[in-house]
Amino acid sequence: MAFAHRLFPTPLAVAVELWALAAHGPLLPDLGKTMLRAGSAFVIAMVLGTALGIVLGRQRWLDRLFSGWLLVGLNLPAIVVAIVFYIWLGLTELALVAAVVINKVPLVITTIREGVRSLAADYDELAAALRLSPLRRLRLVTLPQLMPFILAAARTGLSLIWKIVLVFEVLGSDGGVGYRVSIQFQFFDITGILAYTTAFILVVLAVEYGLLRPLERNVLQWRPDPA
Amino acid sequence: MAPGPGLTLSIAEKRFPGPTPPLFADLRLDIAPGSVTALFGPSGIGKSTLLRLIAGIDRDFAGSIAIDGIPAHQAPPPGFVFQDPRLLPWRTARDNIRAAAPAISAEAADAALARVGLATQATAWPRMLSGGMQRRVALARAFATNARLLLLDEPFISLDAALVDDLHQLLADIIATSGATVIFASHGPQDVARLATRVITLAGRPAAIAQDLTFPLPPAQRDGATIAAYASQLATGVPHAALD
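Counting from 1, residues in each chain are numbered in the order their sequence is written. Chains and ligands are labelled sequentially in the order written, the chains with letters from A and the ligands with numbers from 1. The predicted nature of this model means local features are confined to residues of pLDDT at least 70 and side-chain atom pairs, given and counted, to a pLDDT of 80 or more, with totals for whole chains, interfaces and linings taken over all residues. Note: side-chain values were computed over all heavy atoms of the structure, leaving out hydrogens and water.

Some remarks on the packing of helix H9 (residues 177–186) of chain A against helix H10 (residues 190–219) of chain A
Residues and elements named next belong to chain A.
Here is step 1 of the chain: Relative to each other, H9 and H10 sit at 160°, their axes nearing to 9 Å. In terms of axis orientation, H9 runs roughly antiparallel to H10. Viewed along their axes, H9 and H10 form a crossing whose handedness is left-handed. Note on element contacts: H10 touches H9 through Gly192, Ile193, Tyr196 and Phe200, opposite Val177, Arg180, Val181, Gln184 and Phe185.
Here is step 2 of the chain: Throughout, the ten residues Ala, Val, Leu, Ile, Met, Phe, Trp, Tyr, Cys and Pro are labelled nonpolar, Asp, Glu, Lys and Arg are labelled charged, and all others, Gly among them, are labelled polar. Broken down by class, the residue content of the contact of H9 with H10 amounts to 6 nonpolar, 2 polar and 1 charged. Note on definitions: angles span 0 to 180 degrees between N-to-C directions of axes, and those axes are lines fitted to C-alpha atoms, for helices only across the stretch in contact. The helix and strand labels rest on DSSP assignments: H or I over at least four residues marks a helix, E over at least two residues marks a strand, and numbering proceeds from the N terminus. Note on angle classes: values under 35 degrees are labelled roughly parallel, values over 145 roughly antiparallel, values of 65 to 115 roughly perpendicular, and the remainder oblique. The sense of a crossing depends on the near helix, which, turned anticlockwise from the far helix by less than a right angle, makes the crossing left-handed and, turned clockwise, makes it right-handed. Here, two residues are considered to be in contact whenever any of their heavy atoms come within 4.5 Å of each other.

A look at the packing of aromatic side chains
Residue and element names in this part refer to chain B.
Here is step 1 of the chain: Here a pair means two rings of Phe, Tyr or Trp (six-membered ring of Trp) with centres within 6.5 Å. Their orientation is stacked below 30 degrees between planes, edge-to-face above 60, and tilted elsewhere. Evaluated as defined, the whole model comprises 7 aromatic pairs over all chains.
Here is step 2 of the chain: When the centroid spacing of 4.6 Å and the interplanar angle of 45° are considered together, the rings of phenylalanine 80 and phenylalanine 82 count as tilted.
Here is step 3 of the chain: The rule is short: NZ of Lys or CZ of Arg within 6 Å of the ring centre and within 35 degrees of the ring normal puts a charge over the ring. Sitting over the face of the ring of phenylalanine 82, arginine 86 holds its NZ or CZ atom 4.1 Å from the ring centroid.

Considerations on helix H4 (residues 60–75) of chain A
All names here are of chain A.
Here is step 1 of the chain: Expected helix span is given by 1.5 Å per residue-to-residue step, counting one fewer step than there are residues. In this model, H4 (16 residues) spans 22 Å end to end at C-alpha, consistent with the 22 Å of a helix rising 1.5 Å per residue.
Here is step 2 of the chain: To get the bend at any residue, fit one axis to the seven residues that end at it and another to the seven that begin at it, then take the angle between the two axes. Phenylalanine 66 marks the point of greatest bend in H4, at about 45°.
Here is step 3 of the chain: Only protein chains enter the accessibility calculation, which uses a 1.4 Å probe; a residue whose area is less than 20% of its type maximum is buried, one above 50% is exposed, and one in between is partly exposed. Residues of H4 that are buried: Leu62, Asp63, Leu70 and Gly73.
Here is step 4 of the chain: Buried positions along H4 lie against helix H3 (27–58) and helix H6 (93–117).

Some thoughts on the sheet that holds strand S7 (residues 149–153) of chain B
Residues and elements named next belong to chain B.
Here is step 1 of the chain: What the 6 strands build is an open sheet, ordered S6-S7-S8-S3-S9-S10; its pairing is mixed. Only two strands of the sheet have a single neighbouring strand rather than two, namely strand S6 (79–81) and strand S10 (208–214). If you compare each strand with its neighbour and ignore which way they point, the axes differ by 15° on average.
Here is step 2 of the chain: Relative to strand S8 (residues 181–186), strand S3 (residues 36–40) is paired through 5 bridges, and the arrangement is parallel. What sits directly across from threonine 37, in S8, is isoleucine 183.
Here is step 3 of the chain: Packing against the sheet, helix H1 (residues 47–55) makes contact with S3, S6, S7, S8 and strand S9 (198–203), and its axis sits at approximately 155° to S7. Here the rule is simple: two strands pair whenever DSSP picks up at least two bridges between them.

Considering the interface of chain B and chain A
Often, the extent of an interface is quoted as the loss of accessible area upon association of its parts.
Here is step 1 of the chain: Contacts between the two partners involve 25 residues from chain B and, on the opposite side, 19 residues from chain A.
Here is step 2 of the chain: As used here, buried area is the combined drop in accessible area, with a 1.4 Å probe, of two parts when they are placed together. For the pairing of chain B and chain A, the buried interface totals around 1900 Å² over both sides, and the portion due to carbon and sulfur atoms is 63%.
Here is step 3 of the chain: Taken as a group, Arg86, Trp90 and Arg127 of chain B account for 35% of the area that chain B buries against chain A, more than any other trio of residues on that side.
Here is step 4 of the chain: Basic side-chain nitrogens of Lys or Arg form a salt bridge, by our definition, when they fall within 4 Å of a carboxyl oxygen of Asp or Glu. Counting across the interface, chain B meets chain A through 3 salt bridges.
Here is step 5 of the chain: In this structure, the salt-bridge partner of glutamate 125 of chain A is arginine 86 of chain B, at a minimum N-O distance of 2.7 Å.
Here is step 6 of the chain: Only H1 and helix H2 (93–100) of chain B provide two or more residues apiece to the side of chain B that touches chain A.
Here is step 7 of the chain: In terms of residue count, H2 of chain B provides more of the side of chain B that touches chain A than any other element does, 3 residues in total.
Here is step 8 of the chain: Classifying every residue of the side of chain B that touches chain A by side-chain character gives 17 nonpolar, 1 polar and 7 charged.

So, the confidence of the model for chain B
Residues and elements named next belong to chain B.
Here is step 1 of the chain: The pLDDT averaged across chain B works out to 88; a share of 96% of its residues lies at or above 70.
Here is step 2 of the chain: Here residues 240–244 is a poorly scored stretch, pLDDT under 50, and it has 6 contacts once near neighbours within four places are set aside; other chains count.
Here is step 3 of the chain: Across the interfaces of the predicted complex, the ipTM metric reaches 0.86, alongside a pTM of 0.80. Each residue carries a pLDDT value, the predictor's own confidence for that position, ranging from 0 to 100.

Quick notes on the pattern of salt bridges
When the charged atoms of two side chains lie near each other, side chains of opposite charge can form a pair.
Here is step 1 of the chain: Going through the model one piece at a time under the given rule, you end up with 25 salt bridges over all chains.
Here is step 2 of the chain: When the shortest N-O distance is used, the salt bridge between arginine 137 of chain A and aspartate 124 of chain A registers 3.4 Å. Highlighted residues: arginine 137 of chain A in helix H8 (residues 134–171) and aspartate 124 of chain A in helix H7 (residues 121–129), separated in sequence by 13 residues.
Here is step 3 of the chain: Sharing partners across several salt bridges, the network here consists of Asp122 and Glu125 of chain A together with Arg52, Asp84, Arg86 and Asp153 of chain B.

Considering the sheet that holds strand S5 (residues 70–71) of chain B
All names here are of chain B.
Here is step 1 of the chain: Strands sit in the order S2-S1-S4-S5 across an open sheet of 4 strands; the sheet is antiparallel. With partners counted over all chains shown, the strands left at the sheet margins are strand S2 (24–31) and S5, one partner each.
Here is step 2 of the chain: Along the sheet, H1 contacts strand S1 (7–14), S2 and strand S4 (62–67); its crossing angle with S1, the most-contacted strand, is approximately 120°.

Thoughts on helix H2 (residues 11–23) of chain A
Residue and element names in this part refer to chain A.
Here is step 1 of the chain: For H2, which comprises 13 residues, the first-to-last C-alpha distance of 18 Å matches the rise-based estimate of 18 Å (1.5 Å per residue) to within 8%.
Here is step 2 of the chain: Those residues of H2 not exposed but buried are Val14, Leu18 and Leu21. Buried positions in H2, seen along its axis, are confined to an arc of 70° and lie on one side of it. Along H2, the residues that are exposed and aim more than 90 degrees away from the buried face are Leu12, Val16 and Trp19.
Here is step 3 of the chain: Contact partners of the buried residues in H2: H3, H9 and H10. Working note: the arc is built from the helix axis to C-beta atom directions.

Rendered as structure tokens:
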């Protein structure tokens, strides 16, 4: 059954292909490109979304003004945003990263805004009594309370960003995991696709267990039930 | 050390939203530098609110509060002890102290903890400390900045008697050595009779000064009988016969 064999490669075949692609093929540069795009979009979306979420959570009138737009942003199809940005800005890194950020920011804002609404007024009184500067107040009082929300936004955000970066790479880019998978698609190269997918999942697991989990343990160790 | 600041309170009106009558109206009060003043009265009378106004936490009132001539919210930060410990749960005991006093070293923060009997708890998270221990960290935090004005909101409420005794002693020591101006809210006659040099009794709504007592004997020289006499004087408003 040569046909079945070609479409359902064994794990060993995938592993061999993975090794070959990493050693002699374009896997590592592709992975690097994708991670750079996902990483920069992630950082920009988190910083922007957290800042806007704090502002909208604190200022009711701004929240009323923009909550409709936020809803639009949450439900805007990712692919439409990407196409529009590709048309406006060309098939550039900037267009790709901007499209990903636009897709992600509303989710971060919504999560952080909920966190800000749950901030305890007690600690604001303490900050006022201690005459904390705005910066120290952010560091000592506001961010620690928001940290569980920020971590939740980071985790859901990272998974969303991985996925849409790949889709956008298929749509138009000169490299990256999505781009390579779309070429493999044209050749029905299922072994290559699975090898790329495996490499990608390994990276995701490394980020989760090497970065997010230790960070979470460290930042939330004050809680009775550290995650 | 030089005595703490003098205060001049002139509150034209303080009210909370809603149809209720104002909490304070035309309340005037001068507090002498280095004095230990107790705000005495039942709960709900406005003691905590008055302390928040003095601390500059609550600025929503008509009138003025001057601390050595400076408006309350611009004055140097007071040492403030809330009714609950109000520690930052995401910082260790030591770091809670350093949050209030960023200039002091870790060693100085530990020394401040040692002074309240918590030398071994510097790296403990607040959730690991008992309620009484948290209260002591809050006191250490208020004292760590060497604030010239100490504001304490029911610092001894819901603590067991032995601990209250310890904290009385600690507070009396700190007051005696620092010369800070202290204002504390309490509805316990014993606390007031032990620590205060002056007692302002608040009553009614809007709250007015129902009684303004000065205890002649300095706190350090009071024995059990004097404290009991002061406490009963507070309850009746009449100087006790034993003191004559």
